[in-house]
Amino acid sequence: MSVQTIASRPEAASRLSARARDRLLNVASPLALLLVWELCARFGLIDTRFFPAPSSVLSTLIDMLHSGELLTHTGISMQRLAYGTLLGAVPALVLGIAMGLNRSIRALFDPLIAATYPVPKSAILPLALLIFGLGEGSKIFMVAIGVFFPLVINTTTGVLEINKIYLDVGRNYKANRWNTFWTIALPGALPVIMTGLRLGLGIGLVLLALAEMMVAKSGLGYLIWSAWSTFEVEQMYVALFAIAIIGILITLAFNELERIIIPWKAE
Amino acid sequence: MTRYGDMREDPDIARCRASADARARSSALQQIEFLTMTRALSKIEASQSAKPRSAIRICDLRKTFGPLVAIDDVSVEIARGEFFMIVGPSGCGKTTLLRILAGLESITAGSIEIETPTSHRPVNSMIFQGESIFPWMTVWNNAAYGLRMRSVPGPVIKEVVGHYLARTGLTRFADYYPHQLSGGMRQRVSIARAFANDPEILLMDEPFSALDAQNKLLLQEELLRIWEEHKKTVVFITHSVDEAVFLGDRIMVMTAQPGKLKSFVQVPVARPRNIIELQQTRQYGELITQIWSSLREEVDRARRQEEEMTT
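Thresholds applied
Residues numbered from 1 in each chain as written. Chains lettered and ligands numbered in written order. Predicted model: local features only at pLDDT ≥ 70, side-chain atom pairs only at ≥ 80, totals over all residues. Helix = DSSP H or I, 4+ residues; strand = E, 2+ residues; numbered from the N terminus. Buried ≥ 20, exposed ≤ 12 C-beta atoms within 10 Å, placed from the backbone. Contact = placed C-beta atoms within 7 Å. Rg over C-alpha atoms; globule rule 2.2 N^0.38 Å. Nonpolar A, V, L, I, M, F, W, Y, C, P; charged D, E, K, R; others polar. Pairing = 2+ DSSP bridges. Axes fitted to C-alpha atoms, helices over the stretch in contact; angles between N-to-C directions. Parallel < 35°, antiparallel > 145°, perpendicular 65-115°, else oblique. Left-handed = near helix turned anticlockwise from the far one by under 90°. Expected span 1.5 Å × (residues − 1).

Student: Before we move on, can you summarise the overall build of chain B with the specific residues and values?
Tutor: Along its length, chain B carries 11 helices and 11 strands. Per-residue burial for chain B yields a buried fraction of 40% across its 311 residues. Across chain B, contacts joining residues at least 24 apart in sequence account for 74% of those joining residues at least 6 apart.

Below is the structure:
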């Protein structure tokens with residue numbers, strides 16, 4: 001005969017909660033990388049022409065902040081990103097919801113989107129330049145293209161995935177088209193729409209950097225390109241860092257935004 | 001009066017006759033549109049005001065989905081203020097019948113007339129099976145939905161919604177979102193939404209089928225209490241024989257597919273009812289037996305149909 005006992009086990013002995021430990025490790029890994037990088041650069045283990053020491057990148061960053069150069073270029077890029085997002089998101093939302101709600105509209109636009117979506121957006125840049133010229137128009141257009149596709153596809157999917165019962169409720173309670181849009185289709189699809197917008201902004205940022213490198217006299221993409229042509233590697237790292245920061249800020253802003261506008265999403 | 005199906009000058013001819021469907025002016029969101037006759041109808045009503053009219057008059061109703069006959073040859077009159085139950089085996093078309101009454105499904109043949117004495121009231125409001133309250137709206141906004149869609153003035157909405165949230169015990173939860181509530185509470189919101197809309201007819205499609213036995217009993221009692229206030233006409237679908245007896249004035253048993261009328265069972269139990277006490281009476285046992293004996297054959301037939309389909 002065997003007896004199995006299930007003994008009570010004291011709480012894990014660690015003084016830190018799992019979450020706090022995760023945070024610590026999250027911060028530790030990039031710091032460790034920077035430290036190793038710095039040491040390697042100091043002791044000549046890596047070529048500082050390509051991998052300048054983090055400390056020298058930092059001093060360049062401070063210089064560029066002082067001269068206002070960094071903020072000017074960042075501001076210009078952010079502005080283009082904002083206009084482009086607006087320009088791409090509004091038609092994507094309207095068309096996406098219309099396609100989700102109406103079978104005929106879906107049948108009409110589906111093939112167009114399916115045919116244009118796989119074209120690498122970067123390949124459209126020369127065309128954008130032809131149409132919109134070298135000015136702001138072409139950059140804003142590229143961002144808009146990047147935002148439009150993921151958003152229109154996600155919005156359509158989001159509306160189609162709304163449980164049919166909610167549309168039945170709308171019909172039974174006599175919601176007109178306008179109300180169906182505002183009280184059912186839009187909020188019902190919002191979680192999926194937000195994911196689409198996130199994806200779109202990511203692609204928009206990529207296309208913006210590309211467009212700025214090719215044809216611009218301002219913006220972070222231009223900063224990277226000019227750093228390459230003048231071989232100022234520290235400056236290039238600073239611009240890359242700034243783009244990374246924009247990406248992180250967008251993610252954080254989205255998390256906050258989703259908490260505010262999708263309060264019903266279960267935690 | 002609202003009528004589904006077609007209409008002739010002579011109401012007596014028009015009343016009970018196979019009809020073409022009423023999809024003349026259908027739109028994407030609204031497959032069938034109620035044909036609300038104004039002048040012509042008030043004349044007809046005036047000529048008939050002598051005899052008491054039923055709230056719902058279904059005549060020779062037939063509904064097919066392609067080759068499948070869902071409902072066939074159903075004629076029934078439901079009286080004003082009647083709590084009317086429909087019982088049938090699964091797949092017998094009872095939900096389809098309710099969806100037709102709700103205006104969510106078209107008619108293949110036959111006609112339905114719904115008496116609407118006041119024009120400001122919506123014809124019907126439905127309590128759906130399962131989760132039908134909007135997850136993105138608070139309890140309050142869900143309950144106010146029907147009134148808002150009808151552009152009822154704000155103070156009225158406030159009063160009516162406040163009343164029904166209190167009746168369903170949800171006042172404290174007015175600002176909660178559905179995901180913060182239990183299944184029973186969510187179904188209460190659905191009940192509040194339908195009652196607050198103040199329709200001529202309440203349609204209920206197995207509203208308690210997803211709840212556990214205890215919650216079900218509570219909600220059945222609550223539903224009866226709220227219903228006693230105004231005694232609106234109710235068409236209630238269930239597959240549960242005891243629920244039919246607890247709640248109904250009259251029970252219609254439907255056959256297995258195609259759904260036809262099998263029998264009517266009157267429930268001569270006084271109101272207000274106490275469900276627990278009712279369960280202990282001899283009358284209750286007899287009613288259950290009576291309904292079940294009528295239903296059993298159909299449930300067996302439905303099962304055979306299902307088995308044939310799978311093989």
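Student: Residues and numbers for the overall build of chain A, please.
Tutor: From N to C terminus, chain A includes 10 helices and 0 strands. Helices and strands appear in chain A in the N-to-C order α-α-α-α-α-α-α-α-α-α. Computed over its C-alpha atoms, the radius of gyration of chain A comes to 25 Å, more than 25% above the 18 Å expected for a compact globule of 267 residues. The principal-axis extents of the C-alpha atoms in chain A amount to approximately 85 × 75 × 35 Å. When burial is assessed residue by residue, chain A has 31% of its 267 residues classed as buried. By sequence separation, contacts in chain A at least 24 residues apart represent 72% of the contacts at least 6 residues apart.

Student: Break down the interface of chain B and chain A for me, citing the residues and quoting the values.
Tutor: Listed by partner, the interface residues are 22 residues for chain B and 18 residues for chain A. Elements represented by at least two residues in the side of chain B that touches chain A include exactly strand 7 (124–127) and helix 5 (145–149) of chain B. The element that contributes the greatest number of residues to the side of chain B that touches chain A is helix 5 of chain B, accounting for 3 residues. Broken down by class, the residue content of the side of chain B that touches chain A amounts to 13 nonpolar, 8 polar and 1 charged.

Student: Outline the environment of Ile133 of chain B, supporting the account with residue identities and numerical values.
Tutor: By the secondary structure assignment, Ile133 of chain B is in the loop between strand 7 and helix 4 (139–143). Residue classification places Ile133 of chain B among the buried positions, given that 26 C-beta atoms sit within 10 Å.

Student: Go over the pairing of strand 7 of chain B with me, naming the residues and quoting the values.
Tutor: All names here are of chain B. Of the two faces of strand 7, the one lined by Asn124 and Met126 and the one lined by Ser125 and Ile127 are each fully buried. Note that strand 7 and strand 8 (residues 201–205) share 4 bridges and pair parallel. Bridging from a neighbouring strand, Ile127 pairs with Met204 of strand 8.

Student: Describe helix 9 (residues 220–229) of chain A, listing the residues and the values that go with them.
Tutor: Those residues of helix 9 of chain A that fall on the buried side of the exposure criterion are Leu220, Gly221, Tyr222, Leu223 and Ile224 of chain A. The inward-facing, buried residues of helix 9 of chain A contact helix 3 (69–101), helix 8 (177–214) and helix 10 (233–261) of chain A.

Student: Give me the lowdown on the sheet that holds strand 8 of chain B, citing residues and values where you can.
Tutor: All names here are of chain B. With mixed pairing, the 6 strands of this open sheet are ordered in space as 7-8-9-5-10-11. The outermost strands of the open sheet, each flanked by one partner alone, are strand 7 and strand 11 (261–266). Neighbour to neighbour, the strand axes of the sheet diverge by 20° on average, direction disregarded.

Student: Give a detailed account of the packing of helix 6 (residues 136–160) of chain A against helix 8 of chain A, specifying residues and quantitative values.
Tutor: All names here are of chain A. In contact at an axis separation of 7 Å, helix 6 and helix 8 are set at 155° when each is read in the N-to-C sense. Of the possible angle classes, the one that applies to helix 6 and helix 8 is roughly antiparallel. The crossing of helix 6 and helix 8 is right-handed. Looking at the contact of helix 6 with helix 8 residue by residue, the class counts come to 20 nonpolar, 10 polar and 2 charged.

Student: So, unusual backbone geometry: which residues are in play, and what are the values?
Tutor: Cis peptide bonds are those with omega within 30 degrees of zero, and the linkage from Gln257 of chain B to Pro258 of chain B qualifies with 0°. Here Pro258 of chain B lies in the loop between strand 10 (250–254) and strand 11. Omega for the peptide link from Arg271 of chain B to Pro272 of chain B comes to -5°, which places this bond in the cis form. With respect to the helices and strands, the residue Pro272 of chain B is situated in the loop between strand 11 and helix 10 (275–280). One non-glycine residue, Lys174 of chain A, lies in positive phi territory at about 60°.

Student: Describe helix 1 (residues 18–42) of chain A, with residues and values.
Tutor: All names here are of chain A. Relative to the 36 Å expected for 25 residues at 1.5 Å per residue, helix 1 spans 36 Å between its end C-alpha atoms, a close match to the ideal helical length. Helix 1 sits mainly on the outside: 0 of its 25 residues count as buried. Directly beyond the C-terminal end of helix 1, a positive phi value near 70° is found at Gly44.

Student: Describe the pairing of strand 10 of chain B, and please don't skip the residues or the numbers.
Tutor: Residue and element names in this part refer to chain B. Here strand 10 lies mainly inside the structure; 4 of its 5 residues are buried. Examined bridge by bridge, strand 5 (residues 83–87) and strand 10 share 4 bridges and lie parallel to one another. Across the sheet, Phe84 pairs through a bridge with Arg250, a residue of strand 10. Across 5 bridges, strand 10 lies against strand 11 in antiparallel orientation.

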